[in-house]
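Secondary and tertiary structure notes
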Amino acid sequence: MSIGANSSGTSQPVIEVNDVVHSFKGRRALDHVSFQVMPRSLHGFVGPNGAGKTTSLKIICTLLRPQFGTVKVFGHDVVEDQKMVRRKIGFMPDHFSTYRQMTVYEYLDFFAAAYGLSFDQRTRVIDEVLALTDMDGRKNDLISGLSRGMQQRTSLARVLVNDPDLLLLDEPASGLDPRARIELMEILKALRSMGKTIFISSHILSELAELCDSVTIIDRGKVKYSGSMHGLLLTSGEHPAYRLTVAGESDWTEPLSQLTGVLKVEPIEGRPEYRIEFDEAQLNTNQLLQGIIGLNIPIMAFAEDKRHLNEAFMDLTERGVK
Amino acid sequence: MFHGVLALLTRSLRQDARQLKNHVFRLTFVVFIYLSLMQSMLFFNFVGAPGLQFFISIATLNAVFITCAGIGFFATAISEEKEEEVIGLLLMAGLNPVGILLGKSTSRLIQAAFLLLVQFPFMLLAVTLGGITPHQILAAYASLLAFMVMLANIALFWSTVCRRGGTAAGMTTICLVVYAAVPRIATQTLGYLNSAGRSRPSATVTQYLQWCEKSCSYWQLGQIMTTGFADPVMSVQVISNLLIGVGCFLLSWLLFSRFNSQTTGANDGRGMVAKSTGRVRFFAPGRAWSLPLVWKDFQFVAGGLRFATVKFTGYVLVFAAFVYYGVRSNIAWTETCSNYISLMVWAVVIEASILSSRIFHDEIRLQTMSSLMMLPRSLSWIGHSKALGCLIGLLPSIICLCSSTLLLPGLDLKLAFQVAISPIVWGAILCFVVFLHLVALLSLFVKWGALPLGFVMMAPIMTCCPIVPLIFATSSRRETQDLFNSLAGIGVILVLMGLVCFVFQMMIAARLDEIGSQ
């Protein structure tokens, strides 16, 4: 057995969450949550603190039973086929969950043995995961003496010892310095290239922007968006918008607003830029550009206005705490 | 300084008031007093001094309560702040060491003292029932309060010095054992020295030994309960205990900066477990066994091979000392062996009890239960593997116990068979197994002090489960050499205790499931 050897090649969803409801002491943590995660993807699970991310993760990884709805991992029900699900996944909780009195090697060896690996398999797999997480130089160090970033890597290495097809990572980058964060992301990219499916939760969307293929945004127990990252960036209200950059400091707001089909013109504060929202039924992008040229505006740039990730996140999630 | 002390005091009192378990504990205390009072009323016509009986039961309960509180409650006053790494923050907030000590320990002392003081008016009812005087009640409460002050400050001292609450609790327990054992040893030494043919000790030594005897609260309570007690309330025990308490507080103050200036966490290091890169690799944990949880718990909970070797050597040396003392004092071999067997039985009991209180402790402290539960194994496999690992750690004491039993002269098959079919032996072993289950269960609910709490809770459990009368009923039949009755008795005891253990195991599994999903 070696890391990445197990990765499945089907196109069935790896995780299927259907209409899941879960409450704690009368407070609804998950409210009819549904989403899917496709194989070999890096799926972000984003939401503010208390949105229900950890509860969802714990249900997916069989630590919690859903009170209503079904969750399937690789087609196996998390309640009825718990052992099979556990064999195929690796879960890294938001806390380190390490035996601080053990050395890194003892810790990995213990978990590898607990997964039923033979002595020789353990030796090989541990060497591989140590190399992958760049921890081979620290294998004889006590975990208690490692930095936060190193402990996080040790925890990730532990998740990899049974070569799971699906990795569930609960806020793996929280509390890490920028360097450790970038290094962790590099490891995750390497794992994705090995064919692993990675489900990663975070409360910072921009952190996952470059990494993830797809994303689910959850807020107050309800899924606000689930789909591709590109789709999230394009999602903006009801009308398309373009961004126009001009030369000079003249104010073009009034002439632009007079164009047929233009609904709204917003000058961007401090920059010679305008955000133009238009009605697709009345004109297309070419016609809009022709109209602008007709106004003799000194155009520097004209581009589709993709919303900023944080902006999208703020629009989708609600203000304040529940 | 006083502002900070008051802030800490207020925080502790608020926390105490908010926690439901504290109120439940107090309610249990009140219920016990009420039940004792009822019992005394019911047996008013049959017992000579019902008031005295009532008072003895309450005083005993209080003594046990203070002992438990000393180990579980007072010993974590400073160490819990160290474990949460907030000592530095408290010092930065402008609190000085004496402020922290007063704020952390005094609040706990006040809470415990209140529990003791509120009983006092009810205790005066014992005077009405007869057999005891108000002076005796006052003396008993003074003795208990002084004992509490002393124990709280001994625990505070260890809490200041030790990095972990568990170590502080352990050191406090050792001090308590010494405190309880010294008077008895002093009395026996005096008796031995005064016996015929021995040289009499000097007056100073005699005086010192007598002082030791009188300074123990357990001894003092025994004296107070005797009819005609008229000694002053401020006895040697009260004064000495208060002085020791003050001394320990001052010592804690003096050593506070020395032991709490480091910013490193309290959970570093791995005790006696050797590292594989060390000089003597033989004692290192090495690679995980094919039963990995057994390996882990043997190495990191029970102390591993190095600790097992140390224990085994220690027990063998103790045996050698017993033999040497026996030969020099012309003590019979049977007696020497019996004494050593008794000691080893206690060693097994204490070791097993400590291990049962620690079996899940690290999993909770290090939040590793969720990782264990993610293994494709059942909770039962996890629990039993851990128990087996701890059991291997018990091997040195078990081997010494069995070996010394084999050395017992006159041991034949008939005697062994009689012991094997004795319901008392089976009952005692099974009661102990139930106790271990209870302690393991309690350790999943309380941070420290599962062991003393288990000890206190065993009494009502044994009362509710009709096991004790059953043991005696079947063992009395054994005198008639009725093998069938003995075996039937053992069978019933086995079924009953098995049922209790099963219920406890189900409760442990449910709690582990809850912890793992948190």
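Residues numbered from 1 in each chain as written. Chains lettered and ligands numbered in written order. Predicted model: local features only at pLDDT ≥ 70, side-chain atom pairs only at ≥ 80, totals over all residues.

Some remarks on the overall build of chain B
Our working definition: Helical segments are the DSSP runs of H or I of at least four residues, strand segments are the runs of E of at least two, and each set is numbered from the N terminus. Using C-beta atoms placed from the backbone, we call a residue buried if 20 or more other C-beta atoms fall within 10 Å of its own, exposed if 12 or fewer do, and partly exposed for counts in between.
Within chain B, the regular secondary structure consists of 25 helices and zero strands. In chain B, which comprises 518 residues, the proportion classed as buried is 36%.

A closer look at the overall build of chain A
What counts, and what does not: Contact between two residues is assigned whenever their backbone-derived C-beta positions fall within 7 Å.
Looking only at helices and strands, chain A features 11 helices and 14 strands. Expressed along its principal axes, the backbone C-alpha trace of chain A runs to roughly 75 × 45 × 40 Å. Here the analysis covers contacts within chain A between residues at least 6 apart in sequence; of these, 69% occur between residues at least 24 apart.

Considering the interface of chain A and chain B
At the junction of the two partners, chain A supplies 26 residues and chain B supplies 26 residues. Of all elements in the fold, only α2 (82-88) and α3 (104-114) of chain A reach the threshold of two or more residues within the side of chain A that touches chain B. With five residues, the top contributor of residues to the side of chain A that touches chain B is α3(A).

A short note on the nonpolar core
Note the cut-off: Think of a nonpolar core as buried Ala, Val, Leu, Ile, Met, Phe, Trp, Tyr and Cys residues chained together by C-beta atoms that fall within 7 Å.
Core analysis: the largest hydrophobic core is formed by 112 residues, its most contacted members being A:Ile60, A:Val73, A:Leu108, A:Ala112, A:Val161, A:Leu168 and A:Phe199. It is helix α22 (residues 423-442) of chain B that provides the largest number of residues to this core, a total of 10 residues. Not counting residues within four places of it along the chain, the set of residues in contact with A:Leu168 comprises A:Leu57, A:Ile60, A:Cys61, A:Ile89, A:Phe91 and A:Phe199. Membership of the second largest hydrophobic core comes to 59 residues, among which are B:Ile71, B:Met148, B:Ile154 and B:Phe157.

Details of the sheet that holds strand β12 (residues 262-268) of chain A
Residue and element names in this part refer to chain A. Cut-off, in case you're wondering: Between any two strands, at least two bridges found by DSSP are needed for them to pair. Every axis corresponds to a line fitted to the C-alpha atoms, with the helix fit spanning only the stretch in contact, and the corresponding angles, defined between N-to-C directions, vary from 0 to 180 degrees.
Read from one edge of the open sheet, four strands run β12-β13-β11-β14, paired in antiparallel fashion. Where the open sheet ends on each side, the last strands, each with one partner, are β12 and β14 (299-304). When strand polarity is set aside, the average angle formed by the axes of neighbouring strands in this sheet is 20°. Here strand β11 (residues 241-246) pairs with β14 via five bridges, running antiparallel. Bridge pairing links Tyr242 to Glu304 in β14.

Quick notes on the pairing of β12(A)
Residues and elements named next belong to chain A. Sheet topology places β12 next to strand β13 (residues 273-278); six bridges connect them, and they run antiparallel. Bridge pairing in β13 links Ile268 to Glu273. Where β12 folds back on β13, the antiparallel hairpin that results is connected by four residues, among which Gly270 adopts a positive phi of roughly 80°.

Looking at helix α5 (residues 148-160) of chain A
The condition that has to hold: In this analysis, the expected span of each helix is defined as 1.5 Å times one less than the number of residues it contains.
With 13 residues, α5(A) should reach 18 Å at 1.5 Å per residue; the first-to-last C-alpha distance of 19 Å fits that figure. All buried positions along α5(A) are accounted for by A:Gln152, A:Arg153, A:Thr154, A:Ser155, A:Leu156, A:Ala157, A:Arg158, A:Val159 and A:Leu160.

Thoughts on the environment of A:Phe74
Residue and element names in this part refer to chain A. Mapping Phe74 onto the fold places it in the loop between β4 (68-73) and β5 (76-77). Along the primary structure Phe74 and Leu191 are separated by 117 residues, whereas in three dimensions their C-alpha atoms are 18 Å apart. Apart from the residues within four sequence positions on either side, Phe74 is in contact with Val14, Lys88 and Asp165.

A look at unusual backbone geometry
All names here are of chain A. Despite not being glycine, Arg40 has its phi angle at roughly 55°, a positive value. Considering the arrangement of structural elements, one finds Arg40 in the loop between β2 (27-37) and β3 (42-46). By the C-beta count within 10 Å, which is 19 here, Arg40 ends up partly exposed. One non-glycine residue with positive phi stands out, namely Asp163, at about 50°. For Asp163, the position within the fold is in the loop between α5 and β7 (166-170). By C-beta crowding, Asp163 is classed as buried, having 22 other C-beta atoms within 10 Å.

Let's talk about the confidence of the model for chain B
Predicted coordinates in areas of low pLDDT are best not read in detail. Note the threshold: A residue's pLDDT is the confidence the predictor assigns to it, expressed on a 0 to 100 scale.
For chain B, the mean per-residue pLDDT works out to 82, and 89% of the residues sit at or above 70. Across the interface, the model reports ipTM at 0.77; the global pTM reads 0.77.

Topic: helix α1 (residues 53-60) of chain A
All names here are of chain A. Of all eight residues making up α1, eight are buried, and the element is well covered by its neighbours. All buried positions along α1 are accounted for by Lys53, Thr54, Thr55, Ser56, Leu57, Lys58, Ile59 and Ile60. Of the residues trailing α1, Thr62 is marked for its positive phi of about 75°.

With respect to the pairing of strand β10 (residues 222-228) of chain A
All names here are of chain A. Here six bridges tie strand β9 (residues 214-219) to β10, and the two strands are oriented antiparallel to one another. Residue pairing for β10: Thr216 is matched across the bridge by Ser226. Taking the residues between adjacent antiparallel strands as the criterion, β9 and β10 are bridged by two residues, where Arg220 takes a positive phi near 50°.

Side note on the sheet that holds β3(A)
Residue and element names in this part refer to chain A. Read across the sheet, six strands follow the order β6-β7-β8-β3-β9-β10 without closing on themselves; strand pairing throughout is mixed. Strand pairing shows two members of the sheet lacking a second neighbour, β6 (89-92) and β10, which therefore form its edges. Strand-to-strand twist across the sheet, computed as the mean angle between neighbouring axes with direction ignored, equals 15°. Relative to strand β8 (residues 197-202), β3 runs parallel, the two being bridged by five bridges. The partner of Gly44 across the bridge, within β8, is Ile200. Here α1 sits on the sheet and contacts β3, β7, β8 and β9; the angle it forms with β7, its principal contact strand, is near 150°.

Let's talk about the packing of helix α15 (residues 304-328) of chain B against helix α20 (residues 395-406) of chain B
Residues and elements named next belong to chain B. Heads up, the rule is: Each angle is binned into one of four classes, with values under 35 degrees roughly parallel, values over 145 roughly antiparallel, values of 65 to 115 roughly perpendicular, and all other values oblique. Crossing handedness is defined as follows: a turn of the near helix away from the far one that is anticlockwise and smaller than a right angle gives a left-handed crossing, while the clockwise case is right-handed.
Packing of α15 against α20 leaves a shortest axis separation of 8 Å and a crossing angle of 30°. Relative to α20, the element α15 is oriented roughly parallel. The handedness of the crossing between α15 and α20 comes out as right-handed. Here α15 contributes Ala308, Lys311, Phe312, Tyr315 and Phe319 to the contact with α20, which in turn contributes Leu395, Pro396, Ser397, Cys400 and Ser404.

Some words on the environment of B:Leu483
Its place among the elements puts B:Leu483 in helix α25 (residues 483-516). Linking B:Leu483 and B:Ile33, residues 450 residues apart in sequence, is a C-alpha distance of 42 Å.

A closer look at the environment of B:Gly427
Secondary-structure assignment places B:Gly427 in helix α22. Sequence separation between B:Gly427 and B:Ser252 is 175 residues, and the spatial gap between their C-alpha atoms is 45 Å.

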